[in-house]
Number of protein chains: 2
Amino acid sequence: MKVMIMGMDGYLGWPLSMHLSSRGHEVSGVDNLSRRKNVNETGSWSATPIKTMNERRIRYKEVSGKDLTFYRGDLVEPSFTDLVVKKEMPDCIVHLGEIPSAPYSMIDVDHCNYTQNNNIIGNNNILFAMKDHVPNCHLLKLGTMGEYGTPNLDIPEGFFEIEYRGRKDKLPYPRQPGSWYHLAKVHETWNIMFANKIWGLRATDVMQGVVHGVLTDDMETDDLITRFDFDEVWGTAINRFCAQAVVGHDVTPYGKGGQTRGYLALRDSMQCFTLAVENPPDETEYRVFNQFDETYSVNALAEIVSKVAKEYDLEGKIRNIPNPRLEAEKHRYEPDMKHLPALGFKPKFNLEDELRITLPKLIEYKDRIEAKRDKIKPKIFWSQ
Amino acid sequence: MKVMIMGMDGYLGWPLSMHLSSRGHEVSGVDNLSRRKNVNETGSWSATPIKTMNERRIRYKEVSGKDLTFYRGDLVEPSFTDLVVKKEMPDCIVHLGEIPSAPYSMIDVDHCNYTQNNNIIGNNNILFAMKDHVPNCHLLKLGTMGEYGTPNLDIPEGFFEIEYRGRKDKLPYPRQPGSWYHLAKVHETWNIMFANKIWGLRATDVMQGVVHGVLTDDMETDDLITRFDFDEVWGTAINRFCAQAVVGHDVTPYGKGGQTRGYLALRDSMQCFTLAVENPPDETEYRVFNQFDETYSVNALAEIVSKVAKEYDLEGKIRNIPNPRLEAEKHRYEPDMKHLPALGFKPKFNLEDELRITLPKLIEYKDRIEAKRDKIKPKIFWSQ
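Residues numbered from 1 in each chain as written. Chains lettered and ligands numbered in written order. Predicted model: local features only at pLDDT ≥ 70, side-chain atom pairs only at ≥ 80, totals over all residues.

A. Representation of the overall build of chain A in the model. Across its full length, chain A carries 13 helices and 12 strands. Over its C-alpha atoms chain A spans a radius of gyration of 20 Å, differing by no more than 12% from the 21 Å that the globule rule assigns to 384 residues. Its C-alpha atoms put chain A at 60 × 55 × 40 Å along the principal axes. Taking all 384 residues of chain A together, the buried fraction comes to 56%. Taking the contacts inside chain A whose residues are at least 6 apart along the sequence as the reference set, 83% of them involve residues at least 24 apart. (Helix = DSSP H or I, 4+ residues; strand = E, 2+ residues; numbered from the N terminus. Rg over C-alpha atoms; globule rule 2.2 N^0.38 Å. Buried ≥ 20, exposed ≤ 12 C-beta atoms within 10 Å, placed from the backbone. Contact = placed C-beta atoms within 7 Å.)

This is how it looks when you write it as structure tokens:
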């Protein structure tokens, strides 16, 4: 299958490119390298040193014998997006090419606008290019479980049937996102739903939980490793906790720590995307997948990181700190997940297993974390 | 009260500026004059010849003795928006400064992106400027009834309480908008709701029906008249039907004509906005107003226009034509409207009354409609 990965240089885009290539798909990709630039802007870097796209592709060719086609350019430019889609004529576009950080979007008006404009317009340009050149192409779009927020109800996969004042209808499930970044993801979800309605574009809108881990089976050498961000802006809670444990800092959950989310190991995320790529929706179908494995509270995450850290003689002392975000710190969290298991998804790596792979690797790069340890403490506040 | 009107040069912005000024409010306004430019781009013009902003303000001063402060600039520029809000320190910002056309947004990728970027980013910039300079200011934001789409349920005002799988919650009512333009309005609604949540900004999000009419009591001479668009891109169904009747063209509803929407006379719209301005929400309150008077199907509109046209010796023959839009042509439409009546809203002009004011005025400008009669027929198709 011809698969085009938007955001090939990113945390997920790079390992997914190799993974799909190793399964025999013809993989091309696009990136504007903005993640490297944006992480640099906030004064941080990836704990794992990552190679340039050219170095990565050359190295991957050496170990696998396979070519990855790469286009450097910006999806926000409609002419560029149109051109690469027309040139590649993909069967599937995996759209991971977005700015992925909630705190980054909360810095100020410019970062809010940059995030919303970049993500919404890039996504629009992909929709129009598909309509014009590959109307049967499958758009596999990365959304986030964060689109739903934390309602006091079960969270279905995208839609729900309800009765209201004695009448019934099936409606898009109301979204209650918690940052300018999460809002942009919701806006894109509505835009995709509309493109599906008017043009019949087929799409899978993936509401993914937080992905953890840094290694996949395709990373035969560290030249092929993916990035691992651990600072307050680009690092997830798990990543920050791991980095803190490695450099002997307290592990610091935000607030009361009852914030509960869905989590998924990197290799299980690859498995999910692969299932979606290889089992496309019907022509003219729009479907939503909730994509996660386990749910944990932030306190539970901290405890598991701390427990596994001790196996490597790290202290991992837990200390809750004031929450820079505005979010419920104790709430219901019961998302459905039926669509991916129906396609055969079987998670293989739980959080503890994955940490026993991630932590030793981070210990190798302890100096790089130490050099940026002041970047872990939160300085961006939601109510600022 | 210090009121700032974003989009002062527009169809609603100009009459509202005069109306609020005549009620004793201190009115300032902002516009980038994009409506004039965008209508010109599509080859059309207003049936009523409209004066420049300078001419309008000078003339209004002559008849009323009152000053209207005007800033020409673009809300998409955060620095400009920040500056005007900081300079004026308004008690209320009425945000009408958006690209308001569904067909315009459907022309191509550039018009889709222009509409979404212009509307979303301009709105974001207002939110940030309010937060930074006037956190107690009331944002009165123009949304549209079109945000809701046409669900098979009653349409409450913004939120609804539901039971799902045995649990209850109050949630934002799911929106199902029908164009890139309507989608942008929905995106802004979510963004405002979030700004309210994190910063406590108070806001009234107005889901307004289609406004009709061209005259208000402040328009003592035609130098003060507002614009009246009648082409396929910028004209509403009523406006197109009126223009067609005036130049002896068939009145042409789209499709089967069962599409039903809420409608409101221009002077009643002024009354609604004034009630909202003068009765702001509580500090930190976000409220949604459904703002309309009557509901009509497109066929019913055509019949009423045709009937009133005959009073002026116009033929007004009705002929349904293929629908360029993708929309339900027969559907339920039962929106609530409780909040504005609770503030004292009493509609004074029904559609027939208003048409007896509008049609004679349009007949005066028959030549200007005749000159652009080829711009009424739809050429922009939703599925193109």
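Now that the structure is up, let's keep going.
B. Here's a closer look at the sheet that holds strand β9 (residues 210-212) of chain A. All names here are of chain A. Sheet architecture is open: three strands sit in the order β9-β10-β12, paired in mixed fashion. Here the strands that pair on one side only, and so sit at the sheet edges, are β9 and β12 (294-297). Each strand axis lies, on average, 45° off the axis of its neighbour in the sheet, ignoring direction. Sheet analysis places strand β10 (residues 260-265) next to β12, joined by four bridges and oriented antiparallel. In the sheet register, Gly262 faces β12, and the bridge partner there is Thr295. (Pairing = 2+ DSSP bridges. Axes fitted to C-alpha atoms, helices over the stretch in contact; angles between N-to-C directions.)

C. Seen up close, the relation of the copies chain B and chain A. The operation relating chain B to chain A is a screw motion whose rotation component is 180°, with 0.0 Å of axial translation and a residual RMSD of 0.0 Å. What the superposition gives is, in effect, a two-fold axis relating one chain to the other. Comparing interface residues between copies, 100% of those in chain B also sit at the interface in chain A, which points to an isologous, same-surface contact. (Least-squares fit on C-alpha atoms with pLDDT ≥ 70 in both.)

D. Quick look at the interface of chain B and chain A. Each partner contributes residues to the interface: chain B has 38 residues there, and chain A has 38 residues. For the side of chain B that touches chain A, the secondary structure elements donating two or more residues are α6 (109-133), β6 (159-164), β7 (167-172) and α7 (180-199) of chain B. Sorting elements by how many residues they give to the side of chain B that touches chain A places α6 of chain B first, with 11 residues. Its residues placed into classes, the side of chain B that touches chain A shows 22 nonpolar, 10 polar and six charged. (Nonpolar A, V, L, I, M, F, W, Y, C, P; charged D, E, K, R; others polar.)

E. Spatial organisation of the sheet that holds strand β1 (residues 2-6) of chain B. All names here are of chain B. The seven strands are arranged β3-β2-β1-β4-β5-β8-β11 in an open sheet whose pairing can be described as parallel. A strand with exactly one partner marks an edge of an open sheet, and here the two such strands are β3 (69-72) and β11 (286-291). Going across the sheet, the axis of each strand differs from the next one's by a mean of 20°, ignoring polarity. With four bridges connecting them, strand β4 (residues 92-95) and strand β5 (residues 138-144) associate as parallel partners.

F. Up close: the packing of helix α10 (residues 298-311) of chain B against helix α12 (residues 351-364) of chain B. All names here are of chain B. In the contact formed by α10 and α12, the axes pass within 10 Å of each other and the chain directions differ by 50°. On the basis of their axis angle, the class for α10 and α12 is oblique. Read as a crossing pair, α10 and α12 show a hand that is right-handed. Contacts between α10 and α12 involve Ile304, Val305, Val308 and Ala309 on the former and, on the latter, Leu351, Glu352, Leu355, Arg356 and Leu359. Along the lines of polarity and charge, the residues of the contact of α10 with α12 split into seven nonpolar, no polar and two charged. (Parallel < 35°, antiparallel > 145°, perpendicular 65-115°, else oblique. Left-handed = near helix turned anticlockwise from the far one by under 90°.)

G. A look at the environment of Pro103 of chain B. Residue and element names in this part refer to chain B. Mapped onto the elements, Pro103 comes out in helix α5 (residues 102-105). Between the C-alpha atom of Pro103 and that of Arg325, which follows or precedes it by 222 residues, the distance is 8.6 Å. Each residue touching Pro103, except ones within four places of it in the same chain, is listed here: Glu232, Val233 and Ile380.

H. Examining the environment of Ile58 of chain B more closely. Tracing the chain through its elements places Ile58 of chain B in helix α3 (residues 53-64). Each C-alpha atom, one on Ile58 of chain B and one on His25 of chain B, is 18 Å from the other, the two residues being 33 residues apart in sequence.

I. Spatial organisation of helix α8 (residues 237-246) of chain A. All names here are of chain A. In terms of residue burial, α8 counts as a mostly covered element, since 10 of its 10 residues are buried. Buried residues along α8 sit in contact with β9, α10 (298-310), α12 (351-364) and α13 (366-370). One or two positions beyond α8, positive phi appears at Gly248, with a value near 75°.

J. Just unusual backbone geometry, in detail. Residues and elements named next belong to chain B. Residue Met89 is not a glycine yet carries a positive backbone phi of 45°. Its place among the elements puts Met89 in the loop between α4 (78-88) and β4. In this structure Met89 comes out as exposed when scored by C-beta crowding, with 11 C-beta atoms within 10 Å. For Arg165, which is not a glycine, the phi torsion comes out positive at approximately 50°. Here Arg165 shows up in the loop between β6 and β7.

K. Expanded view of helix α2 (residues 34-41) of chain B. Residue and element names in this part refer to chain B. Every buried residue of α2 is accounted for by Ser34, Arg35, Asn38 and Val39. Buried residues of α2, viewed axially, fall in a sector of 130°; they line one side. Opposite its buried face, α2 presents the exposed residues Lys37 and Asn40, each directed more than 90 degrees away. The inward-facing, buried residues of α2 abut α5. Looking one or two residues past α2, Gly43 carries a phi angle of roughly 85°, positive in sign. (Arc of directions from axis to C-beta.)

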